[in-house]
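So the chains spell out like this:
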Amino acid sequence: MNARETFAGGVAVITGAGAGIGAGLARHAAGLGMTVVLADIDAGAIAALRAELEQQGARAVDIVCDVRDFAAVEDLAERTYREIGPVRLLVNNAGIEQFGYLWDTPVENWQRLVDINVSGVFHGVRAFLPKIIAAGSPAWVWNLSSIGGVAVVPLQAPYIMSKHAVLALTECLALEVQHAGHDHIHVQAVLPGAVASNIFESAGGVTDGDVGAAEAQRVAMLDIKATAMDPVAAAEVVFDQAVDGRFYLLTQPEYVGSAMAERADVLRSQRAPLLRTTQRFDPAKH
Ligand SMILES: NC(=O)c1ccc[n+]([C@@H]2O[C@H](COP(=O)([O-])OP(=O)(O)OC[C@H]3O[C@@H](n4cnc5c(N)ncnc54)[C@H](O)[C@@H]3O)[C@@H](O)[C@H]2O)c1
């Protein structure tokens with residue numbers, strides 16, 4: 001079965017659907033004939049995307065939801081099942097970035113990132129999985145990790161930590177679904193490489209300490225954006241890999257795959273983390 005045959009007519013719930021990868025997944029899901037539930041804290045962004053998708057003849061609903069708030073995610077699940085239908089695809093996608101040395105990171109930025117990137121994914125699982133299990137119809141659960149989920153990078157420690165956490169959570173969840181015999185549920189981890197989005201512009205920084213190093217890292221990451229993949233093209237790759245039954249869904253299979261191989265090699269050889277010369281901060285350049 002291809003992606004259209006698998007997903008057409010089903011309901012997709014996507015958190016962080018207002019921009020970037022989430023919006024790309026929503027546009028592609030709508031194009032496949034899915035009803036799309038757009039969840040985000042940015043009410044204007046999801047209202048505009050809903051209007052765009054409806055104009056193209058798709059069925060879309062926008063629901064403002066802060067994934068940090070479990071009651072809000074529970075409400076999202078309740079409304080979806082009551083007003084729209086059983087979920088065929090849940091994408092726990094909302095996520096934010098943070099730049100700067102860990103010792104300079106504002107405590108509130110750390111907390112916000114953990115609440116969104118890690119607890120937000122758990123909230124999605126906790127609110128939707130019981131309903132998906134009870135419904136008993138085929139369903140897919142995608143959690144957004146990252147190439148950063150298999151890499152280590154200086155000046156982005158909270159983000160990298162959160163993406164390792166989401167990958168481990170998702171791997172454990174896949175085992176638990178097998179353990180409990182819920183064979184109709186496909187748990188998969190999405191590891192994007194570089195996909196065009198707003199994540200680096202809206203990322204947190206530092207207010208005291210080495211602000212220059214934090215902002216230089218933001219600039220370095222914004223540079224990568226020039227070669228980033230289009231989010232709808234990325235979504236197409238992810239959907240196609242999902243229906244192929246892969247667990248690790250990679251937007252750029254070669255690029256992300258080589259990072260996975262490198263990580264495996266580091267762990268196998270028990271090498272200490274070593275800064276690459278390209279990662280060294282040169283104050284003279286900034
Ligand atoms: N863009 C990339 O290259 C890339 C690479 C690897 C992983 N990812 C992951 O993909 C996911 C999406 O990132 P993106 O690059 O599209 O980012 P983005 O900033 O373009 O979009 C993120 C969306 O999430 C929403 N959001 C933020 N906080 C929220 C909250 N508390 N509740 C609900 N929604 C919230 C934002 O309003 C925004 O619409 C993230 O989990 C990110 O870590 C992105």
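This report concerns the structure included in the present document. (Residues numbered from 1 in each chain as written. Predicted model: local features only at pLDDT ≥ 70, side-chain atom pairs only at ≥ 80, totals over all residues. Heavy atoms only, no water.)

Once that is clear, we can look at the overall build of the protein chain. When its secondary structure is counted, the protein chain shows nine helices and seven strands. A buried classification covers 48% of the 286 residues belonging to the protein chain. Restricting the contact set of the protein chain to residue pairs at least 6 apart, pairs at least 24 apart contribute 72%. Carbon together with sulfur atoms contributes 55% to the accessible area of the protein chain, which is approximately 13,300 Å² in total. Across the protein chain, the mean location of the 21 positive side-chain charges is 2 Å away from that of the 32 negative side-chain charges. (Helix = DSSP H or I, 4+ residues; strand = E, 2+ residues; numbered from the N terminus. Buried < 20%, exposed > 50% of the residue type's maximum accessible area, 1.4 Å probe, protein only. Contact = heavy atoms within 4.5 Å. Areas by Shrake-Rupley, 256 points an atom, 1.4 Å probe, with all protein chains shown as cover. Lys, Arg positive; Asp, Glu negative; His and termini not counted. Charge placed at Lys NZ, Arg CZ, Asp CG, Glu CD.)

Looking now at the nonpolar core. In terms of nonpolar packing, the biggest core is built from 33 residues, with V13, V37, L76, F128, I132 and I185 touching the most fellow members. Ranked by residues supplied to this core, first place goes to helix α5 (residues 107-135) with seven residues. Discounting residues that sit within four places of it in the chain, L76 has contacts with V13, V37, A39, I63, C65 and F128. Counting residues in hydrophobic clusters, the runner-up holds 30 residues, among them A29, A30, M34 and A58. (Core = buried A, V, L, I, M, F, W, Y, C linked by side-chain atoms within 4.5 Å.)

We now examine the packing of aromatic side chains. Under the criterion given, the structure shown has seven aromatic pairs. When the ring of F99 is compared with that of F200, the centres are 6.1 Å apart and the planes differ by 40°; the resulting orientation is tilted. Here the residue F99 occupies a position in the loop between β4 (87-92) and α5, and F200 occupies one in the loop between β6 (185-191) and α7 (211-224), the gap between them amounting to 101 residues. The two residues F99 and F200 agree in class, both being buried. Taken together, the aromatic side chains of F7, W140, W142 and F239 make up a single cluster linked through ring pairs. (Phe/Tyr/Trp six-rings, centres within 6.5 Å; stacked < 30°, edge-to-face > 60°.)

Next up on the list: the packing of helix α4 (residues 70-84) against α5. At a minimum axis distance of 8 Å, the contact between α4 and α5 shows a crossing angle of 30°. The orientation of α4 with respect to α5, classified from their angle, is roughly parallel. α5 is crossed by α4, and the crossing has right-handed handedness. Residue-level inspection shows F70, V73, E74, L76, A77, E78, T80 and Y81 of α4 in contact with α5, the latter providing H123, G124, R126, A127, F128, K131 and I132. When its residues are assigned to classes, the contact of α4 with α5 shows eight nonpolar, three polar and four charged. (Axes fitted to C-alpha atoms, helices over the stretch in contact; angles between N-to-C directions. Parallel < 35°, antiparallel > 145°, perpendicular 65-115°, else oblique. Left-handed = near helix turned anticlockwise from the far one by under 90°. Nonpolar A, V, L, I, M, F, W, Y, C, P; charged D, E, K, R; others polar.)

Turning our eyes to something else, we now look at the packing of helix α2 (residues 20-31) against helix α8 (residues 231-243). Angle between the axes and distance between the axes are the two parameters that describe a pair of packed helices. Two numbers describe how α2 lies on α8: the axes approach to 8 Å, and their chain directions differ by 65°. With respect to the hand of their crossing, α2 and α8 are arranged in right-handed fashion. Two secondary-structure elements touch here, α2 through G20, I21, G24, L25, R27, H28 and A29 and α8 through P231, V232, A235, E236, V238 and F239. Of the residues belonging to the contact of α2 with α8, the class tally is eight nonpolar, three polar and two charged.

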